[in-house]
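Examining the three-dimensional arrangement
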Amino acid sequence: MTVKNSDIIEAKRRLLRMHYESRVGHLGGNLSCLETLLVIHLDLMRPQDRFILSKGHSAGALYVTLSMRGAISEDELRTFHANGTRLAGHPSPGVIPDIPFGTGSLGHGLSLASGLALAARLRNQDRRVYCLTSDGEWQEGSTFEALIFAAHHKLNNLTVLVDHNRLQGFGATGDVASMDPLYDRISGFDVEIRRCDGHDVAAMTKAISAHPNKPLVVVLDTIKGRGVPDFENQMKSHYLPLTDEQYMAAIDALESAA
């Protein structure tokens, strides 16, 4: 299928309701990567492919995406963050087949994905591994060590996505520990690198569909808190749950876009 605007609106509606009803934060980073997850899981991934959510605090967006694919029921989404749930605040391994590793301690996802990609090659498996990272975790040495490993082994079955929303836990990425321009830093390695609008389905599909003879890195320019008027590009979207007024304003904005 091709991700349509109606799919995005429905996914956002489910995500907003899930976070609002559970009264938990981290919504901003979920909204910046939701369209990316939909494109990967609904349009590009094959049954044998694997996906690693390195930025584990965006688990809600992953759960909603899996629900759009029928892997998680809408009723189960209402158990998000509850006692005994399968849908924890960060992805848990061994609970849902589509989630092979627990992630959320940022900086480990790319190493795991690189290992999966190399293992697939050694086993002669036709498998592509996708890994979604935050831009903040590119301040960590372990992420660049994984990139060195992937480039050295020319893992052409590895696609790395960077949710480049320019905000992290303690402020703007440029203020906390600047890696700007991140695109240029990554392009210094032996990888194929592309850049596009992380909210443009057609642009993302074209960029992510490339299969060069080396690792592919796609830098996605995104907006943290996209679609919630009071949260867009705001630091508070990283931590705070939605108020009643913010939730209703976001739903109204969705209805207007439908």
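Everything here concerns the structure above.
One structure accompanies this document, and this report is about it. Since the model is a prediction, treat every value here as computed from it, not as a measurement.

1. Focus on the packing of aromatic side chains
Taken as a whole, this structure holds four aromatic pairs when the rule is applied. Plain terms: the ring middles of Trp 138 and Phe 144 are 5.1 Å apart, the flat faces sit at 80° to each other, and that makes the pair edge-to-face. A network of ring pairs unites the aromatic residues Trp 138, Phe 144 and Phe 189 as a single cluster.

2. Let's talk about the pairing of strand E3 (residues 158-164)
Every other side chain in a regular strand lies on the same face of the sheet, so the side chains alternate between the two faces. Across the seven residues that make up E3, a large majority, seven, are buried. Bridging between strand E2 (residues 129-134) and E3 involves six bridges; their strand directions are parallel. Paired with Thr 133 across the two strands is Val 162, which belongs to E3. The parallel pair E2 and E3, bridged by helix H6 (residues 141-152), forms a crossover whose chirality is right-handed. The sheet contact formed by E3 and strand E7 (residues 216-221) spans six bridges and is parallel. Paired with Val 160 across the strands is Val 217, a residue of E7.

3. A look at the pattern of salt bridges
Enumeration over the complete set of coordinates arrives at 20 salt bridges. Linking Asp 163 and Lys 55 is a salt bridge whose minimum nitrogen-to-oxygen distance equals 2.5 Å. Of this pair, Asp 163 sits in strand E3 while Lys 55 sits in the loop between strand E1 (50-53) and helix H3 (59-68); the two residues are 108 residues apart in sequence, bridging distant segments of the chain. This pair shows no difference in class: Asp 163 is buried, exactly as Lys 55 is.

4. Quick word on the side chain of Ser 237
Locating Ser 237 in the fold gives a position in the loop between E7 and helix H10 (244-257). Within the structure, the side chain of Ser 237 is placed 2.8 Å from the backbone oxygen of Gln 234, a separation counted as a polar contact.

5. Thoughts on the state of the cysteines
Here the structure, examined in full by the defined rule, presents zero disulfides. Left unpaired, Cys 33 is separated from the closest cysteine sulfur, that of Cys 131, by 12 Å. Free cysteine Cys 196: the closest other cysteine sulfur is in Cys 33, separated by 14 Å. The class of Cys 196 is buried, set by a relative accessible area of 9%.

Rules and cut-offs
Residues numbered from 1 in each chain as written. Predicted model: local features only at pLDDT ≥ 70, side-chain atom pairs only at ≥ 80, totals over all residues. Heavy atoms only, no water. Phe/Tyr/Trp six-rings, centres within 6.5 Å; stacked < 30°, edge-to-face > 60°. Buried < 20%, exposed > 50% of the residue type's maximum accessible area, 1.4 Å probe, protein only. Helix = DSSP H or I, 4+ residues; strand = E, 2+ residues; numbered from the N terminus. Pairing = 2+ DSSP bridges. Right-handed = clockwise from strand over helix to strand, strands pointing away. Salt bridge = Lys/Arg side-chain N within 4 Å of Asp/Glu carboxyl O. Polar contact = N/O pair within 3.5 Å; in protein donor to acceptor, adjacent residues only side chain to side chain. Disulfide = S-S within 2.5 Å.

Nothing here speaks to function; it is geometry throughout.
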